[in-house]
Amino acid sequence: MSTDPRTDPADTTDQGLALHHITVRFGGLLALDDVSLRITPGHIVGIIGPNGAGKTTLFNVICGFVTPQSGALSLDGKPFSPRPHHLNRRGIARTLQGVGQFGGMTVLENVLVGARSRKPEADAWEALERCGVAEHARALPGSLPYAKRKRVELARALAAKPRILMLDEPAGGLDADEIRWLADLIQDAKTTVLLVEHHMELVMSVCDEILVLDFGKPIALGTPAEIRTNDKVAEAYLGAAA
Ligand SMILES: Nc1ncnc2c1ncn2[C@@H]1O[C@H](COP(=O)(O)OP(=O)(O)OP(=O)(O)O)[C@@H](O)[C@H]1O
Ligand SMILES: [Mg+2]
């Protein structure tokens, strides 16, 4: 049995989100294979792995879009059955892989969708300012360059003032300057962050700990320094490149 407090499912006294022995199958494909993870509040937790490793599926489980065949989730030590439309209320906000805005709505309206407090306008504007896109509030997201649309997506999630911010490949398609800006934003977010990302430099520079998935299996969990020197991780990535 595991005695690592970061993964031990028997330890349910902790605050925060935890995954306990999550398994997801799509037909014959094992997308997640017995994944356990305890997410320490305030930490930035990276989830990495080759294409198809199960990273987005893990996010979909936490958001209630995918129901695992076995395993469970807990939030603050209590059983947690996520439903997509309740997530905001539970303090969980997520950005989508790519850009996922509502085309017919302005930037401000898109970000307002994320806000959930009694002062949604104020929260939306604060998030727009923080993401440097307030000047585009009245524009349609589709009229903006890709990097700006990614920022709108971030603003929508931040407007919820989430206790857990889930980012699925936020650096995808961004240049070095934008990625540096993103790294600062993540580190200054002052909230728990789950970060799925292929950009290793970003992951290694901002994360407190990193979970590595390979064909749905957790193959390593540790600090960036531990993950960098882990033989199994190197093997998984070399295998994917071959
Ligand atoms: N709804 C679904 N139905 C069937 N198979 C699925 C479904 N969603 C994901 N898969 C499969 O499950 C596996 C894991 O997919 P997932 O999208 O979680 O990978 P990922 O790690 O996010 O990959 P990427 O880095 O390319 O985004 C893949 O083989 C994928 O094809
Ligand atoms: Mg993915």
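Residues numbered from 1 in each chain as written. Chains lettered and ligands numbered in written order. Predicted model: local features only at pLDDT ≥ 70, side-chain atom pairs only at ≥ 80, totals over all residues. Heavy atoms only, no water.

J.: I keep staring at the domain arrangement of the protein and nothing clicks. Help me out?
T.: You'll often see interface size given as the accessible area lost when the parts meet. Here the protein is described as being made up of domain 1 (1–91 + 162–242) and domain 2 (93–161). Computed from C-alpha coordinates alone, the two centres of domain 1 and domain 2 are separated by 24 Å. On the side of domain 2, 19 residues touch domain 1, which itself brings 26 residues to the contact. Roughly 1,900 Å² is buried in total at the junction of domain 1 and domain 2, and carbon and sulfur atoms are behind 53% of that figure. (Domains from an automatic or database assignment. Contact = heavy atoms within 4.5 Å. Buried area = accessible area lost by both parts, 1.4 Å probe.)

J.: How should helix H2 (residues 107–114) be read in this particular structure?
T.: Count 3.6 residues to each turn of an α-helix, and residues three or four apart come out pointing the same way. For H2, the full list of buried residues reads Val107, Leu108, Asn110, Val111 and Gly114. On an axial view of H2, the arc spanned by its buried residues comes to 160°, and they lie on one face. (Buried < 20%, exposed > 50% of the residue type's maximum accessible area, 1.4 Å probe, protein only. Helix = DSSP H or I, 4+ residues; strand = E, 2+ residues; numbered from the N terminus. Arc of directions from axis to C-beta.)

J.: Would you mind going over the pattern of salt bridges with me for this structure?
T.: Charged atoms that come close allow side chains of opposite charge to pair. One pass over the full model with this rule turns up 8 salt bridges. Arginine 163 is the salt-bridge partner of aspartate 76, the closest N and O atoms lying 2.9 Å from each other. With aspartate 76 in the loop between strand E4 (70–75) and strand E5 (78–79) and arginine 163 in the loop between helix H4 (146–158) and strand E7 (164–168), this pair connects stretches of sequence that are 87 residues apart. For arginine 163, a relative accessible area of 34% gives the class partly exposed. (Salt bridge = Lys/Arg side-chain N within 4 Å of Asp/Glu carboxyl O.)

J.: I keep staring at the sheet that holds strand E10 (residues 217–222) and nothing clicks. Help me out?
T.: In a beta sheet, neighbouring strands pair by backbone hydrogen bonds and run either parallel or antiparallel. Reading across the sheet, the 6 strands line up as E6-E7-E8-E3-E9-E10 and stay open at both edges, with mixed pairing between neighbours. This sheet does not close on itself; its edge strands, each paired only once, are strand E6 (92–95) and E10. Pairs of neighbouring strands in the sheet enclose a mean axial angle of 15°, with direction left out of account. Both strand E3 (residues 44–48) and strand E9 (residues 209–214) contribute to a ladder of 4 bridges, which runs parallel. Counted as the bridge partner of valine 45 is glutamate 209 from E9. Lying over the sheet, helix H1 (residues 55–63) contacts E3, E6, E7, strand E8 (192–196) and E9, oriented at roughly 145° with respect to E7. Set on the sheet, H4 makes contact with E6 and E7; between it and E6 the angle comes to about 175°. (Pairing = 2+ DSSP bridges. Axes fitted to C-alpha atoms, helices over the stretch in contact; angles between N-to-C directions.)

J.: I would appreciate a short explanation of the pairing of E8 in the present structure.
T.: A regular strand carries its side chains on alternate faces of the sheet. For E8, the buried fraction is high: 5 of the 5 residues fall into the buried class. Residues of E8 alternate between two faces, with Thr192, Leu194 and Val196 on one and Val193 and Leu195 on the opposite face, all of them buried. Pairing between E7 and E8: 5 bridges, direction parallel. For methionine 166, the partnering residue across the bridge sits in E8 and is leucine 194. What joins E7 to E8 is helix H5 (residues 176–187), and the crossover it makes is right-handed. (Right-handed = clockwise from strand over helix to strand, strands pointing away.)

J.: Would you explain the sheet that holds E5 in this entry?
T.: Taken in spatial order, the 4 strands of this open sheet run E2-E1-E4-E5, and their pairing is antiparallel. Each edge of the sheet is formed by a strand with only one pairing partner; in this case those strands are strand E2 (29–38) and E5. In this structure, strand E1 (residues 17–26) lies alongside E2, joined through 6 bridges in antiparallel fashion. Bridging from a neighbouring strand, isoleucine 22 pairs with valine 35 of E2. With respect to the sheet, H1 is in contact with E1, E2 and E4, its orientation differing from that of E1 by roughly 115°.

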